[in-house]
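# Analysis of the macromolecular model
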Amino acid sequence: MRRYFNFHKRIVPVVNDPCLQAHATRLMKLSHRSRMHAVLRCSPIAALFFLTSLGWSETWANRSERVTETERVSAGEVIAVKPANFDAPWPKKVSFNGDPEIRTIKQDKDNNCFIYESANYRFVCDVRLSQSVVRGFAVMFEASHLYCRELPLGLSGGEKIDGKYQIILFEKEEDYNKAGGPSGSSGVFIGAKSTVIVPLTSLGVRPVGSSYMLDRDKANQTLIHEITHQLTPVEYFKSGAVGWFSEGIAEYVTATPYRNGTFKVVSNFDDICAYVIDFGKGERGGRALGKSVRMPPLKEFFMMDYDDFTGSKANFNYGIALVLTTYFLHLDGEGDSARMKKFLAALRDGKSGQDALDTLLDGRGYEDLEKSITKAWKRKGLEIKFAN
């Protein structure tokens, strides 16, 4: 699925209302924080319209250009980049066992705007939900957040607004589609807005009479993928990493077995293989590439344009991205992710393209690396043939 990083180039404003346009013009005169407070008082669809109209639509490339290796500038203040946790141990199991601390912030029936907050997330919905329903699906968001943070890969990104990550929920599929959600999708991360938009059905929320109930056994892998994108640092979307790694790490988190707030990390390799080769264990979902794949030369895949990556062969590319990411995390060298961490550190230090990839190659040629990848995955039951 295309991830809509260049959101403003692909999606037109969701409403064409002169009143909303005039209000957007007035909002432009306010400070950034005041604008966000105003936007959060709107309905979900109107909020997305304002976000688009107010010019918060820079591409990931533009966002990367204003991130340096040691600092970021926000509202004129120099803010230190969060240090990477590369020295942390690899987690065996990640469980969110606490209370997601649900608070009801706003209930505006006239404007169809209901806002709820958990420890790390703000959920803006167009229908009223009970706190028990919100608490139920918030566990998946909080558990995904915890898992990404505990992976020793510096997944310390994501842009919070007033201390929370933004999630916009829609009761009706057609409203989700109007807001930019691809037809038939379970959710999408809009990178330029640092926002995930989701139809309630993807969370297992369905109407029962005049209220809503939650299917607590429903875990949506696509949403976990999108949540991972929201938490990925912008540096990891640079040339040389965007595509194969930015999607590969989201696929890695997605393929890890999840149930009721717990990710079973230590035993996830069999699940990753099933996800790549077939439709996942228990047909939970997967790329179904088969046991033998033929892929382009490694350098070409590393440097593939993102539009091509998400084009007609997207399913194949996402599967191979997981194969390569998993190789560098668990099969390369001593299996300690050492070269991967050096690669990610290089991205955080401002390198990109081949300069960053040189740290991953670590003196090896592309053909030698292709042979190593092929040999390692053959032992796991996947035959890879590089086109050279």
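Above this note sits the structure.
How each quantity is defined
- Residues numbered from 1 in each chain as written.
- Predicted model: local features only at pLDDT ≥ 70, side-chain atom pairs only at ≥ 80, totals over all residues.
- Heavy atoms only, no water.
- Helix = DSSP H or I, 4+ residues; strand = E, 2+ residues; numbered from the N terminus.
- Contact = heavy atoms within 4.5 Å.
- Buried < 20%, exposed > 50% of the residue type's maximum accessible area, 1.4 Å probe, protein only.
- Pairing = 2+ DSSP bridges.
- Expected span 1.5 Å × (residues − 1).
- Axes fitted to C-alpha atoms, helices over the stretch in contact; angles between N-to-C directions.
- Core = buried A, V, L, I, M, F, W, Y, C linked by side-chain atoms within 4.5 Å.
- Phe/Tyr/Trp six-rings, centres within 6.5 Å; stacked < 30°, edge-to-face > 60°.
- Lys NZ or Arg CZ within 6 Å of the ring centre and 35° of its normal.
- Salt bridge = Lys/Arg side-chain N within 4 Å of Asp/Glu carboxyl O.

### Quick look at the overall build of the protein
Per the secondary structure count, the protein includes 16 helices and 15 strands. Looking at the protein alone, contacts between residues at least 24 apart form 67% of all its contacts between residues at least 6 apart.

### Details of the pairing of strand 7 (residues 165–170)
Of all six residues in strand 7, six are buried; the element is thus mostly enclosed. With burial as the criterion, each face of strand 7 is covered, one bearing Y165, I167 and L169 and the other bearing Q166, I168 and F170. In this sheet, strand 7 lies alongside strand 6 (residues 121–125) in parallel orientation, the contact comprising five bridges. Paired with F123 across the two strands is I167, which belongs to strand 7.

### A few points about the sheet that holds strand 3 (residues 93–95)
Pairing between the strands of a sheet comes from backbone hydrogen bonds, and it takes one of two forms, parallel or antiparallel. Spatial ordering of the open sheet is given by 3-13-12, a layout of three strands whose pairing is antiparallel. One side of each edge strand has no neighbouring strand; the edge strands of this open sheet are strand 3 and strand 12 (258–259). In this sheet, strand 13 (residues 262–264) lies alongside strand 12 in antiparallel orientation, the contact comprising two bridges. Within the sheet, the bridge partner assigned to R259 lies in strand 13 and is T262.

### A closer look at helix 13 (residues 314–331)
For helix 13, which comprises 18 residues, the first-to-last C-alpha distance of 24 Å matches the rise-based estimate of 26 Å (1.5 Å per residue) to within 8%. Burial analysis of helix 13 places 15 of its 18 residues in the buried class, the great majority of the element.

### Overview of the pairing of strand 9 (residues 195–199)
Taking burial as the measure, the five residues of strand 9 include five buried ones, the bulk of the element. Here strand 7 runs beside strand 9; their pairing, made up of five bridges, is parallel. Among the inter-strand pairings, F170 is bridged to a residue of strand 9, identified as P199. As paired strands, strand 8 (residues 188–190) and strand 9 are joined by three bridges and run antiparallel to one another. Bridged to F189 within strand 9 is V196. Counting the residues in the hairpin turn of strand 8 and strand 9 gives four residues, including S194, whose phi is positive at 55 degrees.

### Describing the sheet that holds strand 6
Spatial strand order, 4-5-6-7-9-8: six strands in an open sheet with mixed pairing. Whereas interior strands pair on both sides, the edge strands pair on one side only; in this sheet they are strand 4 (103–108) and strand 8. On average, each strand axis in the sheet is tilted by 20 degrees relative to the strand beside it, whichever way the strands run. Lying over the sheet, helix 6 (residues 131–150) contacts strand 4, strand 5 (113–117), strand 6 and strand 7, oriented at roughly 140 degrees with respect to strand 6.

### Notes on the nonpolar core
In terms of nonpolar packing, the biggest core is built from 94 residues, with L129, F137, L203, W244, F343 and W377 touching the most fellow members. Residue contributions to this core peak at 11 residues, all from helix 13. Apart from the residues within four sequence positions on either side, W244 is in contact with F301, F302, F309, A321, L324, T325, F328, M340, F343, L357 and L360. Judged by nonpolar contacts, the second largest core, of 10 residues, contains I115, I168, A179 and V188.

### Quick word on the packing of aromatic side chains
What the rule picks out here adds up to 22 aromatic pairs. Aromatic pair Y236 and F245: ring centres 5.7 Å apart, planes at 75 degrees, arrangement edge-to-face. For F245, a relative accessible area of 0% gives the class buried. Taken together through their ring pairs, the aromatic side chains of Y236, W244, F245, F302, Y327, F328, F343 and Y366 make up a single cluster. Lying over the aromatic face of F269, K380 brings its terminal NZ or CZ to 4.8 Å of the ring centre.

### Remarks on the pattern of salt bridges
Throughout the structure, instances matching the rule amount to nine salt bridges. D271 is the partner of K281 in a salt bridge, and the nearest nitrogen-oxygen pair spans 3.9 Å. Here D271 lies in helix 10 (residues 268–277) and K281 lies in the loop between helix 10 and strand 14 (292–295), a separation of 10 residues in the sequence. Look at K281 and you get partly exposed, because its relative accessible area is 41%. Connected through salt bridges with shared partners, the residues D332, R339, D362 and R364 form a single ionic network.

Everything listed is a geometric property; what it means functionally is a separate question.
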